[in-house]
Amino acid sequence: MTADNREKLAVQDWPGRADVVIVGGGIVGCAAAMFLSRYKATVVMVEQATDLAMGTTKANSGIIHAGFDAPPGSMKARMNVRGNRLYHELQPALKYEVNFLGSLVVAKSDDDLKTLEGLLDRGRQNGVPDITIIDRERVLSREPNLSRDVRAGLWAPTAGVIWPFGAALAMAENAVRNGVKVFTGCRLEGFMLDRRKICGVRTNKGDIACKLVINAAGRWADEVSRWAGDDSFSITPRRGEYILFDKSVGSLVNSVLFPTPTKVSKGILVSPTVHGNIFIGPNAENITDKDDLSTTAPGMEEIISGARKLIPDLPLAAAITQFVGLRPVASGDDFIIGPSALVGGLVQAAGIQSPGLASAPAIGELVSEIAAERLGLVRKPGYVEENPDRPAFAELDSRQRQELIARNPLYGRIICRCETVSEGEIVAAIHSPVGARTVDGVKRRTRAGMGRCQGGFCGPRVVGILARELGLPLDAIVKEGPGSQLFFARQTLRGGESHE
Amino acid sequence: MNDFYDVVVIGGGPAGLAAALSARRHGAGRVLIVERDRELGGILQQCIHVGFGLHRFREELTGPGYANRYLRMLADTTGIETMIDTMVISLTADRQVTVVGPAVGLRTVRGGAVVLAMGCRERTRGAIRIPGSRPAGVFTAGAAQRMVNMEGYLPGREVVILGSGDIGLIMARRLTLEGCRVPAVLEIMPVSNGLTRNIVQCLDDFGIPLYLSHTVVAIRGQDRVTGVTVARVDDALRPVAGSQFDLACDCLLLSVGLIPEVELAREVNLTLDGRTSGPVVDNRRQTSLPGFFAAGNVVHVHDLVDFVSEEGEIAGRWAAVFAAGGMGGEARSADVLPGEKVRSVVPQKYVGDGDHTGQCRFYLRVSQPLGRCRVTISDRTGRRLASKRLPVAKPSEMIEIDVQHSAIEIEKGPLTVAAEGV
Ligand SMILES: Cc1cc2nc3c(=O)[nH]c(=O)nc-3n(C[C@H](O)[C@H](O)[C@H](O)COP(=O)(O)OP(=O)(O)OC[C@H]3O[C@@H](n4cnc5c(N)ncnc54)[C@H](O)[C@@H]3O)c2cc1C
Ligand SMILES: Cc1cc2nc3c(=O)[nH]c(=O)nc-3n(C[C@H](O)[C@H](O)[C@H](O)COP(=O)(O)OP(=O)(O)OC[C@H]3O[C@@H](n4cnc5c(N)ncnc54)[C@H](O)[C@@H]3O)c2cc1C
């Protein structure tokens with residue numbers, strides 16, 4: 001009964017046909033959906049996971065790079081610089097949390113200084129605004145906790161930190177508000193082709209006839225492309241591990257700190273998060289399993305020793321959690337964006353590794369322009385640019401809190417005490433355009449469970465609220481994916497035992 | 001609406017209930033209890049096992065049974081208001097207490113005195129850094145206890161318990177009785193930090209193995225826990241290479257310690273004791289900020305609720321005296337220090353008692369397991385004020401020692417509490 005219920009929830013108003021299907025609800029898919037929603041077209045986005053942005057978009061450094069890393073002329077360089085700019089422009093209407101606090105590449109040796117000059121030059125060619133090299137004294141006055149052996153730094157004021165999930169969700173909600181249909185728990189399993197041209201997609205929930213597919217499937221983009229008949233690239237996951245610190249050490253660093261980069265990676269960095277925590281990471285390790293999200297003890301040691309090169313006094317006792325991200329690295333190394341050369345109706349947004357987050361709005365914009373051009377789409381009147389305000393108890397002053405509770409008493413019941421999240425916010429997150437269906441979904445939208453106690457106290461309460469609001473029994477509520485059920489009914493257990 | 005109360009009590013667990021009743025008995029006209037939960041009683045409400053109240057009531061009650069004794073007394077008392085489903089979200093040094101709840105909205109009340117009785121919280125996975133994936137099925141033991149005993153749902157079917165604190169031990173038994181399999185309880189230290197009676201009654205009686213000097217080094221499973229990797233640890237608590245083994249389970253419960261809930265105490269900059277993690281209090285349970293009192297698990301984590309109630313009574317009494325302006329500016333105090341083989345002691349300061357009759361009780365925890373031993377309290381001159389012999393002492397079991405007020409001379413402080421083998 002419960003499975004049926006959930007099924008129904010998900011597939012009500014299933015679209016038989018669409019102009020465009022976007023595969024993958026990561027930051028790239030969401031950006032594409034938002035830009036496409038400006039056109040008169042039927043657009044559907046399908047995401048296999050139970051929530052949006054749970055692939056690479058969920059666990060990464062969250063940095064909106066300024067754009068000086070990638071070689072001039074590359075797709076990466078172009079998208080990064082444009083993407084950074086779009087994040088600045090879109091924020092007032094979309095209201096995602098972002099903090100443009102600038103980044104600093106720290107040089108410690110003669111070689112590093114040379115690399116820094118090279119980066120400065122690249123940055124200028126790429127069109128990055130306002131980057132400069134600053135001397136030791138200015139570096140240390142910005143970052144007093146930095147290692148004393150620093151020689152100089154490359155300062156990029158347009159860089160920032162963002163909460164990737166929040167940004168993706170804001171774009172998706174805007175898309176839904178403007179008519180895009182989003183299906184989570186919906187996995188693309190194949191294509192309907194007509195002489196090497198796409199005429200529809202097959203999913204676990206049913207088929208959709210369509211004219212064009214945007215492949216934004218992240219680290220599975222090679223697989224999706226292959227199913228359509230384009231096997232021109234492959235993707236390797238590269239693991240990156242992180243440690244997150246409590247807000248109590250939030251003043252440790254003031255901007256995004258990078259060591260001078262090597263060929264493989266930008267190195268272990270130390271950065272504030274948009275919410276005022278500090279994180280260190282990531283390392284870089286090529287692996288084979290695209291689903292392996294476990295942290296390792298050697299990995300932890302690697303990032304700790306790496307981060308100590310920047311900040312010798314790491315407050316390890318204030319570590320609150322650790323996590324892993326998998327970079328989708330394409331065989332050719334640059335982003336693959338544009339129409340497939342082998343299959344009609346397939347537009348790739350693949351190999352979107354770092355700086356893919358920073359580039360996402362630009363990628364979304366570009367693929368929507370390509371789609372519009374191919375399908376002859378026109379802009380739609382009445383496009384709503386603005387997302388409505390979402391009150392967060394923790395950020396309001398007393399008068400606003402009073403008003404809010406007077407309107408809806410649920411805002412007066414604090415569920416998560418570490419982050420001061422009220423029941424009202426959780427209920428709103430469940431009933432929003434791309435609503436939370438899982439405990440982690442609630443956590444991502446409201447921060448309930450993100451604090452010091454990591455959901456120890458509020459987790460079970462959130463399960464209860466989800467069950468009540470979705471009309472499901474408590475044991476049907478999952479943490480994240482299918483099978484991640486949190487609690488079991490007592491009777492089921494007894495029943496199960498008596499058969500043995 | 002009159003927003004002034006003689007005494008505002010934060011937290012409606014056993015410490016808060018006892019404090020409120022005692023404050024009222026000692027002359028506070030208007031007392032307020034603010035409780036975040038939808039019912040009073042605190043952690044007791046989820047402890048459906050027996051073992052509460054042996055000292056107080058000479059009876060073995062369940063947690064809710066013990067709470068009910070106090071709730072009945074509360075019902076028979078006028079002048080105590082309660083706000084349930086209401087949380088204190090901030091405090092100021094001039095005793096403004098801001099509360100929020102669906103029924104009361106957001107309000108600020110003022111107290112002639114404030115009693116902190118917020119209890120403790122459980123340590124979680126983040127604080128102990130277990131590598132591995134992050135599947136569903138990892139819970140703190142107390143959260144699981146609440147689910148089982150109050151909501152009627154189980155956290156898993158095959159449950160490994162990390163940490164041999166009392167909640168972990170009690171959950172091992174509870175879950176076994178519910179039909180779950182508990183393949184092991186793991187403890188990183190060479191000794192358990194649970195009460196001996198709980199090890200016997202909750203593990204031994206059910207044949208559940210306790211692995212001392214063992215810990216979880218990895219959690220396996222993508223969506224739901226499928227198992228844990230366990231290793232033996234050396235003296236420095238580092239995993240011993242080659243000692244790893246796997247246990248299949250779908251749930252890991254963490255019973256890795258409780259820490260006083262001191263967020264609000266921090267807001268008013270109360271001096272905290274690094275050993276107990278709670279605020280420093282004197283024998284009247286007044287904190288470093290005059291007018292702020294504290295009792296129960298927020299001061300130091302207690303084993304037995306009886307002593308929590310006792311501490312609440314002391315705090316409530318003196319809060320009432322303070323609110324009535326009867327406290328006077330006691331300038332003289334003696335520090336109370338943990339000496340040889342003692343890890344922590346409460347109260348951390350001695351200021352004397354109004355009439356200087358009767359006894360003052362000190363609570364301590366030893367820093368290492370001891371066999372036959374003697375606990376003593378002496379002053380600076382080396383004079384022994386009290387001593388107590390014990391057949392055994394364990395860090396996990398709190399010890400009380402009573403001293404006659406008349407025996408203590410404040411100018412001869414500090415007082416030192418020590419333990420020695422005999
Ligand atoms: C460790 C690390 C650090 C990084 N740091 C940064 C940084 O600081 N700044 C930056 O700009 N970039 C950074 N990146 C890169 C950035 O995270 C990615 O480029 C970006 O998130 C990619 O987004 P995406 O939408 O393409 O992929 P994803 O977020 O992976 O989205 C793809 C989605 O497609 C879905 N999908 C796949 N197959 C199917 C199917 N068959 N049917 C339905 N759905 C499907 C997946 O479930 C997934 O949700 C980092 C990456 C890593 C790993
Ligand atoms: C699992 C477990 C088993 C135990 N078993 C036994 C036993 O068998 N026998 C025995 O004698 N003792 C036992 N104890 C010990 C004893 O019961 C506890 O030490 C005692 O209940 C602690 O009382 P307290 O009032 O200090 O804290 P709590 O009972 O935790 O009460 C604190 C209250 O404060 C509230 N609160 C916290 N912050 C706020 C805020 N900001 N605003 C409003 N309200 C707030 C909380 O909701 C809670 O209700 C056990 C303890 C535990 C945890």
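What you are looking at is a predicted structure, and each value in this text was computed from that prediction instead of being measured.

Calculation notes
Residues numbered from 1 in each chain as written. Chains lettered and ligands numbered in written order. Predicted model: local features only at pLDDT ≥ 70, side-chain atom pairs only at ≥ 80, totals over all residues. Heavy atoms only, no water. Domains from an automatic or database assignment. Contact = heavy atoms within 4.5 Å. Buried area = accessible area lost by both parts, 1.4 Å probe. Salt bridge = Lys/Arg side-chain N within 4 Å of Asp/Glu carboxyl O. Polar contact = N/O pair within 3.5 Å; in protein donor to acceptor, adjacent residues only side chain to side chain. Helix = DSSP H or I, 4+ residues; strand = E, 2+ residues; numbered from the N terminus. Nonpolar A, V, L, I, M, F, W, Y, C, P; charged D, E, K, R; others polar. Pairing = 2+ DSSP bridges. Axes fitted to C-alpha atoms, helices over the stretch in contact; angles between N-to-C directions. Phe/Tyr/Trp six-rings, centres within 6.5 Å; stacked < 30°, edge-to-face > 60°. Buried < 20%, exposed > 50% of the residue type's maximum accessible area, 1.4 Å probe, protein only. pLDDT = per-residue confidence, 0-100.

This part takes up the domain arrangement of chain A. Residue and element names in this part refer to chain A. Split into domains, chain A comes out as domain 1 (3-57 + 165-234 + 333-375) and domain 2 (393-476). Distance from the C-alpha centre of domain 1 to the C-alpha centre of domain 2: 30 Å. The interface of domain 1 with domain 2 comprises twelve residues on the first partner and ten residues on the second. With both chains or domains summed, domain 1 and domain 2 bury close to 1000 Å², and 65% of this area falls on carbon and sulfur atoms. Seen at the junction of domain 1 and domain 2, the total is two salt bridges. Close ionic contact of Asp51 with Arg444 constitutes a salt bridge, the shortest N to O distance being 2.9 Å. Summed over the shared surface of domain 1 and domain 2, the number is three residue pairs in polar contact (both at pLDDT 80 or more). Broken down by secondary-structure element, the contributors of at least two residues to the side of domain 1 that touches domain 2 are α1 (2-11) and α6 (164-177).

A word on the interface of chain A and chain B. Listed as interface residues are 47 residues of chain A and, on the opposing side, 45 residues of chain B. Interface area, chain A with chain B, both sides summed: about 4000 Å², of which 55% is carbon and sulfur. There are four salt bridges connecting chain A and chain B. Among the salt bridges present, the one from Glu178 of chain B reaches Arg490 of chain A, with a minimum N-O distance of 2.7 Å.

Before going further, it helps to spend a moment on the domain arrangement of chain B. All names here are of chain B. Here chain B is described as being made up of domain 1 (1-121 + 258-329), domain 2 (124-256) and domain 3 (332-422). Spacing between the C-alpha centres of domain 1 and domain 2 amounts to 32 Å. If you look at the interface, domain 1 gives eleven residues, while domain 2 gives eleven residues. For the pairing of domain 1 and domain 2, the buried interface totals around 960 Å² over both sides, and the portion due to carbon and sulfur atoms is 52%. Contact with domain 2 buries surface across domain 1, with Gln46, Ile48 and His49 losing the most and accounting together for 52% of the total. Taken together, domain 1 and domain 2 are joined by one salt bridge. Arg146 serves as the salt-bridge partner of Asp37, at 3.5 Å between the closest nitrogen and oxygen. Where domain 1 meets domain 2, there are five residue pairs in polar contact (both at pLDDT 80 or more). Per-class residue counts for the side of domain 1 that touches domain 2 are four nonpolar, four polar and three charged.

Moving on, we get to the sheet that holds strand β17 (residues 245-248) of chain B. Residues and elements named next belong to chain B. Pairing within the open sheet is antiparallel, and its three strands lie in the order β15-β16-β17. Unpaired on one side and paired on the other, β15 (214-220) and β17 mark the two borders of the sheet. Between one strand axis and the next, the sheet turns by 30° as a mean value, whatever way the strands run. Here strand β16 (residues 227-232) pairs with β17 via four bridges, running antiparallel.

To continue, consider the sheet that holds strand β10 (residues 138-140) of chain B. Residue and element names in this part refer to chain B. A sheet is described by the order of its strands in space; here five strands give the open sequence β10-β18-β12-β13-β14, paired in parallel fashion. Both outer strands of the open sheet, β10 and β14 (210-212), are each paired with one neighbouring strand and no more. If you compare each strand with its neighbour and ignore which way they point, the axes differ by 20° on average. Relative to strand β18 (residues 251-254), strand β12 (residues 158-162) is paired through four bridges, and the arrangement is parallel. Residue pairing in the sheet places Ile161 in a bridge with Leu253 of β18. Against the sheet, helix α5 (residues 141-151) touches β10 and β18, its axis set at about 90° to β10.

All right, on to the packing of aromatic side chains then. Residues and elements named next belong to chain B. As enumerated under the stated definition, the model contains twelve aromatic pairs over all chains in all. Consider the rings of Phe57 and Tyr70, whose centres lie 6.2 Å apart with planes at 65°: the pair is edge-to-face. With Phe57 in helix α2 (residues 54-57) and Tyr70 in helix α3 (residues 63-75), this pair connects stretches of sequence that are 13 residues apart. Since its relative accessible area comes to 3%, Tyr70 is described here as buried.

What follows deals with the pattern of salt bridges. Where side chains of opposite charge bring their charged atoms close, a pairing between them can arise. For the structure on display, the rule yields 52 salt bridges over all chains. With its nearest N and O atoms 2.6 Å apart, the salt bridge here joins Asp85 of chain B to Arg413 of chain A. Here Arg413 of chain A lies in the loop between α10 (398-407) and β21 (414-416) and Asp85 of chain B lies in the loop between β5 (80-83) and β6 (87-91), a pairing that spans two chains. Residue classification places Asp85 of chain B among the buried residues on the basis of a relative accessible area of 15%. When salt bridges with common partners are traced through the structure, they connect Asp51, Lys58, Arg444, Arg445 and Glu480 of chain A into a single cluster.

Further remarks concern the confidence of the model for chain A. Mean pLDDT over chain A stands at 91; residues scoring 70 or higher make up 95%. Throughout residues 1-10 of chain A the model reports pLDDT below 50, and contacts reaching past four residues in sequence, or to other chains, amount to ten contacts.

Residues and elements named next belong to chain B. Checked against the element boundaries, Gln368 lands in the loop between β24 (359-366) and β25 (373-378). The class for Gln368 is partly exposed, based on a relative accessible area of 35%. C-alpha separation for the pair Gln368 and Val8, spaced 360 residues apart in sequence, amounts to 38 Å.

Our focus in this paragraph is the pairing of strand β7 (residues 96-101) of chain B. Residue and element names in this part refer to chain B. Most of β7 sits inside the fold, with five of its six residues counted as buried. With four bridges connecting them, β6 and β7 associate as antiparallel partners. Pairing of Leu91 across the sheet is with Val97, part of β7. Counting the residues between successive antiparallel strands, the hairpin from β6 to β7 contains four residues, one of them, Arg95, with a positive phi of roughly 70°. Pairing geometry for β7 and strand β8 (residues 105-116), over six bridges, is antiparallel. Bridge assignment links Thr98 to a residue of β8, and that residue is Thr108. With antiparallel pairing between neighbouring strands as the criterion, β7 and β8 make up a hairpin whose turn holds three residues.

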